[in-house]
Amino acid sequence: MKGHPGGEAHSRRLIGLAGLRPGERVLDLGAGAGEAVALLRSLGYAAQGLDLEPRSPLVETGDLLHTGLPSGSFGAVLSQCAFFVSGDVPGALAESRRLLEHGGRLLLSDVFFEPPEPLLRQAGFRVVYAEDMTALWREYVLEALWRGDETCPTVRGKCAYWLLICEKEGNDGPV
Ligand SMILES: C[S@@+](CC[C@H](N)C(=O)[O-])C[C@H]1O[C@@H](n2cnc3c(N)ncnc32)[C@H](O)[C@@H]1O
């Protein structure tokens, strides 16, 4: 089972849309088996990944809500299917914003139970690109149910799956 809908093709799309600078420092929050870290490195980015339960030596143990990493130390933060699973989306957004340098980018694909733009704006991000990928999410969940795969996040209710490229607004300090 892929760790998120669309697998590598979806990660490539997310990275491609973000317009990252060559060699940019990128942090994958909830990096799981490290596929996106490996992909980012193969594309020439200085990538690292954190997960509560890393499933690859490419990924370090860490809590995406409290990384302990220095503020403003990344040009981009990527996260796929992990903020929702963490149980604290506003907390995950606050930590991502803290980790980003001025104008840094958040590359997100995740489940949302409400329109993501107001939530992101409130967290200090400007949405640069948004694409509703709910159809892909439905396919992913159905396939997981069909296979009896228990690693797929359990989500009940009407939700949407968004691909989002956001830019950190303002500078340090509270929003
Ligand atoms: C559905 S998996 C997605 C993994 C990976 N991003 C991918 O797309 O293949 C969600 C991941 O989020 C991680 N996770 C959940 N809460 C976390 C937290 N507070 N800190 C770090 N990782 C967390 C889980 O351990 C799991 O690996």
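Here's what I pulled together on the structure shown here. These numbers come from a predicted model, not from an experiment. (Residues numbered from 1 in each chain as written. Predicted model: local features only at pLDDT ≥ 70, side-chain atom pairs only at ≥ 80, totals over all residues. Heavy atoms only, no water.)

Turning next to the overall build of the protein. Helix and strand content of the protein: six helices and seven strands. In terms of overall dimensions, the protein is globule-like: its C-alpha atoms have a radius of gyration of 15 Å, near the 16 Å expected for 175 residues. In terms of its C-alpha atoms, the protein occupies a principal-axis envelope of roughly 45 × 35 × 25 Å. Within the span of the protein, comprising 175 residues, buried residues form 51% of the whole. Counting only contacts in the protein whose residues sit at least 6 apart along the sequence, the fraction spanning at least 24 positions is 71%. (Helix = DSSP H or I, 4+ residues; strand = E, 2+ residues; numbered from the N terminus. Rg over C-alpha atoms; globule rule 2.2 N^0.38 Å. Buried < 20%, exposed > 50% of the residue type's maximum accessible area, 1.4 Å probe, protein only. Contact = heavy atoms within 4.5 Å.)

If you trace the seven strands from one edge of the open sheet to the other, you get β3-β2-β1-β4-β5-β7-β6, paired in mixed fashion. Of all the strands in the sheet, the pair left with one neighbour each is β3 (59-61) and β6 (125-132). Averaged over all neighbouring strand pairs, the angle between strand axes comes to 20 degrees, with direction disregarded. Packed on one face of the sheet, helix α1 (residues 7-18) meets β4 (74-80), β5 (100-112), β6 and β7 (160-168) and runs near 30 degrees to β7. (Pairing = 2+ DSSP bridges. Axes fitted to C-alpha atoms, helices over the stretch in contact; angles between N-to-C directions.)

As a further point, take the pattern of salt bridges. Under the criterion given, the structure shown has eight salt bridges. Here Arg-21 and Glu-24 are joined by a salt bridge, their closest N and O atoms 2.4 Å apart. Look at Arg-21 and you get partly exposed, because its relative accessible area is 47%. Taking the shortest distance from any N to any O, the salt bridge between Arg-126 and Glu-167 comes out at 3.6 Å. In this pair, Arg-126 is assigned in strand β6 and Glu-167 in strand β7, connecting sequence segments 41 residues apart. (Salt bridge = Lys/Arg side-chain N within 4 Å of Asp/Glu carboxyl O.)

The next subject is helix α2 (residues 35-42). Within α2, burial applies to Ala-36, Val-37, Leu-39 and Leu-40. All buried residues of α2 project into a common sector of 165 degrees when viewed along the axis, lining one side. Those residues of α2 that are exposed and aimed more than 90 degrees away from the buried face are Glu-35 and Ser-42. Packing partners of the buried residues in α2 comprise α1, β1 (25-29), β2 (46-51) and β4. Count one or two residues on from α2 and you reach Gly-44, which has phi positive near 95 degrees. (Arc of directions from axis to C-beta.)

Near the ligand there are 18 residues, and of these His-4, Gly-30, Asp-51, Asp-63 and Leu-64 occur at the shortest range. In the environment of the ligand, a nitrogen atom lies 2.7 Å from a nitrogen or oxygen atom belonging to the backbone of Gly-30. One of the backbone N or O atoms of Leu-64 is found 2.8 Å from a nitrogen atom in the ligand. In the shell around the ligand, the residues fall into seven nonpolar, seven polar and four charged. (Near = heavy atom within 4 Å. Polar contact = N/O pair within 3.5 Å; in protein donor to acceptor, adjacent residues only side chain to side chain. Nonpolar A, V, L, I, M, F, W, Y, C, P; charged D, E, K, R; others polar.)

A large share of β2 lies buried, amounting to five of its six residues. Bridge analysis of β1 against β2 gives five bridges, and the strand direction is parallel. Bridged to Leu-29 within β2 is Leu-50. Crossover connection from β1 via α2 to parallel β2: handedness right-handed. (Right-handed = clockwise from strand over helix to strand, strands pointing away.)

Let's shift gears to α1. Over its 12 residues, α1 runs 17 Å from end to end, which matches the ideal 16 Å to within 8%, given 1.5 Å per residue. Where α1 is concerned, the buried positions are Gly-7, His-10, Ser-11, Leu-14, Ile-15 and Ala-18. The buried residues of α1 all sit within an arc of 130 degrees when viewed along its axis, so they share a single face. Of the exposed residues in α1, the ones pointing more than 90 degrees away from its buried face are Ala-9 and Gly-16. Buried residues along α1 sit in contact with α2, β4, β5, α6 (134-147) and β7. With its phi angle positive at about 60 degrees, Gly-19 sits one or two positions after the end of α1. (Expected span 1.5 Å × (residues − 1).)

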